[in-house]
Amino acid sequence: MMAAGPGAPRGGGPVSVVLWLGILGAVLGTAQAAVYFREQFLDGGLQTSENSKFYAISSRFKPFSNKGKTLVIQYTVKHEQKIDCGGGYVKIFSSDLDQKNLSGASPYYIMFGPDICGSETKKVHVILNYKNKLHPIKKPIRCKVDGYTHLYTLIIRPDQTYEVKIDNEVAALGNLEDDLDFLPPRKINDPAVKKPSDWDDRAHIDDPNDIKPEDWDEPEYIMDTSDEKPEDWDHAVHGEWSYPMVKNPLYKGVWKPRQIDNPNYRGVWPHPQIDNPHYSPDYNIYSYENIGAIGLDIWQVRAGTIFDNFLITDDEDYAEDFGDETWGETKDPEKEMNIRQAEEEQQRERVAEEEYFEQWLKKKQGGKRESQKDRTKKSPIGKEEL
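This one's a predicted model, so the numbers in the text were calculated from it and none came from an experiment.

Caption draft 1: Structural view of the overall build of the protein. Within the protein one finds four helices and 22 strands. Burial analysis of the protein (386 residues in total) assigns 37% to the buried set. Of the contacts made within the protein by residues no fewer than 6 positions apart, 75% connect residues no fewer than 24 positions apart. As presented, the protein carries roughly 24100 Å² of accessible surface, and 51% of it is formed by carbon and sulfur atoms.

Caption draft 2: Just the environment of G147, in detail. You can see G147 is positioned in the loop between strand 11 (133-136) and strand 12 (149-156). Exposure remark for G147: the relative accessible area of 22% places this residue in the partly exposed category. When the C-alpha positions of G147 and Q81 are compared, they lie 7.0 Å apart, and in sequence the two are 66 residues distant.

Caption draft 3: Spatial organisation of the confidence of the model for the protein. Put simply, the protein has an average pLDDT of 86, and 86% of its residues get 70 or more. Within the model, the stretch residues 3-30 combines pLDDT values under 50 with 71 contacts to residues more than four positions away or in other chains.

Caption draft 4: Up close: the packing of aromatic side chains. As enumerated under the stated definition, the model contains 13 aromatic pairs in all. When the ring of Y75 is compared with that of F310, the centres are 5.7 Å apart and the planes differ by 5 degrees; the resulting orientation is stacked. Taken together, the positions of Y75 in strand 6 (residues 71-79) and F310 in strand 22 (residues 305-313) put the pair 235 residues apart, joining distant regions of the chain. The pair Y75 / F310 is uniform in exposure class, with both members buried. By the ring-pair criterion, three or more aromatic residues cluster together here, those being F41, Y75, F112, Y152 and F310.

Caption draft 5: Seen up close, the state of the cysteines. Overall, the coordinates contain one disulfide when judged by the stated rule. There is a disulfide in this structure between C85 and C117, and the S-S distance comes to 2.3 Å. Around the S-S axis, the bridge from C85 to C117 shows a dihedral of about -80 degrees and counts as left-handed. Note that C85 is positioned in strand 7 (residues 85-87) and C117 in strand 9 (residues 110-117), a separation of 32 residues in sequence. Given the relative accessible area of 35%, C117 is considered partly exposed.

Caption draft 6: Structural detail: the pattern of salt bridges. Taken as a whole, this structure holds 19 salt bridges when the rule is applied. Between R157 and E316 there is a salt bridge, with the nearest N and O atoms lying 2.8 Å from each other. Of this pair, R157 sits in the loop between strand 12 and strand 13 (161-166) while E316 sits in helix 3 (residues 316-325), placing them 159 residues apart in sequence. For R157, a relative accessible area of 16% puts it in the buried group. With a closest N to O distance of 3.0 Å, D201 and K195 form a salt bridge. Among the residues examined, D201 registers a relative accessible area of 36% and is labelled partly exposed. Accessibility expressed as a relative area gives 38% for K195, which makes it partly exposed. Counted as one network, the salt bridges with shared partners bring together R157, E163 and E316.

Caption draft 7: Looking closely at the side chain of E334. Among the secondary structure elements, E334 is positioned in helix 4 (residues 327-378). In this structure the side chain of E334 is engaged in a polar contact, spanning 2.8 Å, whose partner is the side chain of K78. Ignoring anything within four residues of it in the chain, the contact list for E334 reads K78, G147, Y148 and T149.

Caption draft 8: Looking closely at a negative patch on the surface. A cluster of acidic residues, D227, E228, E231, D232 and D234, forms a negative patch on the protein surface. Taking the relative accessible area as the measure of exposure, D227 reaches 32% and is therefore partly exposed.

Caption draft 9: Inspection of the pairing of strand 14 (residues 169-175) at higher detail. Where strand 13 and strand 14 come together, six bridges link them in antiparallel fashion. Counterpart to Y162 in the pairing with strand 14 is G174. Taking the residues that link successive antiparallel strands as the turn, the strand 13-strand 14 hairpin has two residues, and the phi of D167 there is positive, at about 60 degrees.

Caption draft 10: Structural detail: the environment of K194. With respect to the helices and strands, K194 occurs in the loop between strand 15 (187-189) and strand 16 (204-206). Take K194: its relative accessible area is 73%, and that puts it in the exposed class. Along the sequence, K194 and P272 sit 78 residues apart, while their C-alpha atoms lie 9.1 Å from each other.

Caption draft 11: Examining the nonpolar core more closely. With 59 residues, the main nonpolar core has Y75, I110, F112, V164, L176 and I312 as its most contacted residues. If you look at the next biggest cluster of nonpolar residues, it comprises eight residues, including A33, V35, L311 and F322.

Caption draft 12: The arrangement of helix 3 in detail. Among the residues of helix 3, those classed as buried are Y318, A319, F322 and G323. One side of helix 3 holds all its buried residues, which, seen down the axis, span an arc of 135 degrees. Across helix 3 from its buried face, at more than 90 degrees, point the exposed residues D317 and E325. For helix 3, the capping residue at the N-terminal end is D315, with a side-chain oxygen 2.9 Å from the backbone nitrogen of D317.

How each quantity is defined
Each chain has its residues counted from 1, following the order in which its sequence is written. A pLDDT threshold of at least 70 governs which residues receive local features in this predicted model, and a stricter bar of 80 or more applies before side-chain atom pairs are shown or counted, although totals over entire chains, interfaces and linings include all residues. Side-chain metrics rest on all non-hydrogen atoms present in the structure, leaving aside hydrogens and water. Numbered from the N terminus, helices here are DSSP runs of H or I no shorter than four residues, and strands are runs of E no shorter than two. Type-normalised accessible area, obtained with a 1.4 Å probe on protein chains alone, sets the label of each residue: buried when under 20%, exposed when over 50%, and partly exposed for intermediate values. The contact definition used throughout considers only heavy atoms, calling two residues in contact when any of these lie within 4.5 Å. Values of accessible area rely on a 1.4 Å probe in the Shrake-Rupley scheme; residue burial ignores everything except the protein chains shown. Summary of the metric used: pLDDT quantifies the predictor's per-residue confidence within the range 0 to 100. Aromatic pairs are defined between Phe, Tyr and Trp rings, using the six-membered ring for Trp, whenever the two ring centres lie within 6.5 Å; interplanar angles under 30 degrees are classed as stacked, those over 60 as edge-to-face, and all others as tilted. The disulfide criterion used throughout: a pair of cysteine sulfur atoms within 2.5 Å. Throughout this description, the term salt bridge denotes a Lys or Arg side-chain nitrogen within 4 Å of a carboxyl oxygen of Asp or Glu. Whenever a nitrogen or oxygen atom comes within 3.5 Å of another N or O atom, the pair is scored as a polar contact, on the condition that within protein one atom can donate a hydrogen and the other can accept it, and that pairs from neighbouring residues in sequence are kept only if both atoms are in side chains. Each patch is assembled from residues with relative accessible area greater than 30% and no salt bridge, linking like charges that lie within 9 Å and nonpolar side chains (Val, Leu, Ile, Met, Phe, Trp, Tyr) that lie within 5 Å. Charged-residue counts in this description rest on Lys and Arg as positive and Asp and Glu as negative, His and the chain ends being excluded. Taken as the charge centre is NZ of Lys, CZ of Arg, CG of Asp or CD of Glu, depending on the residue. Any two strands between which DSSP finds at least two bridges are classified as paired. Residues grouped as a nonpolar core are buried Ala, Val, Leu, Ile, Met, Phe, Trp, Tyr and Cys residues, joined through side-chain atoms within 4.5 Å. The arc refers to the directions leading from the helix axis to the C-beta atoms.

Have a look at this one:
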């Protein structure tokens, strides 16, 4: 990975790098927001540089625990290329992370951010580690895929609620216990109660008045009697020859009577619920000890993604203000610049087309003049004809 700024080279860079951005643990005096990590690449951002590569890069900061406090993770992502498959997420690690050997196998606390692969995967990951097991969010969250810079924010609160924001607007929210499978369900079906034998939960049934047509039963395959046994057929080698089987054009499939509404339908049987004896509440699902590193551990088929404006804090308002002061100040100029570049590119294409047409026309006209000269030489006109 490399810093992406004015004049920054776009050539090959290292595939796996450990970046030490320094330790930042500051408390703002006015808002009393604890800022555990903040990195603004003022030279332009951190950018992937080679296609079809794994990237691993990380930074340490002073270890802390978010127990009893809100945890906010925020950064910006810009897929400058038309990305077809690649990650744009970050990971939060324990302070004992082995940075030099950072890989997909490195254990992490939290994984958050966009991931794109083909037409199927365009989502925002929220994956939390609970008792050394990773739990992805069950709620689908779609990421941005328009090529502009976007601000991604994850908020985890001590009341075990969470919130995902994209561009400082809420994209998803909920309760950690409800939306991630950390714990067994609070309620289960009562195993001592069974559905009554006369309970009919079939919404539709076969029409008893529907009768199979007499000409329905046709075999699926029939012999192709138009075929002939090959002259070189050897019974000792190939066995007895027989007509090959072909699909029967009259075959209609397996007959089934049409369906009608069941007059005895009583709906879905409500199985009585009881408290799950295996359920035990845990009010510390949200908390982690010794949070001490942030990193990118991603695979990209097409490189060029820019990461910037990293922030880890305990203050939601501070994070929102920080987003407005960074991403918020550049989003409109970025769009204006992209529009201007697109218009300039269209103008260049029009000029190139006009130049090509002019050259083609001159060449064609020149060819016509040459042809007329040749005809004049071959058939000279006399004075009398003139």
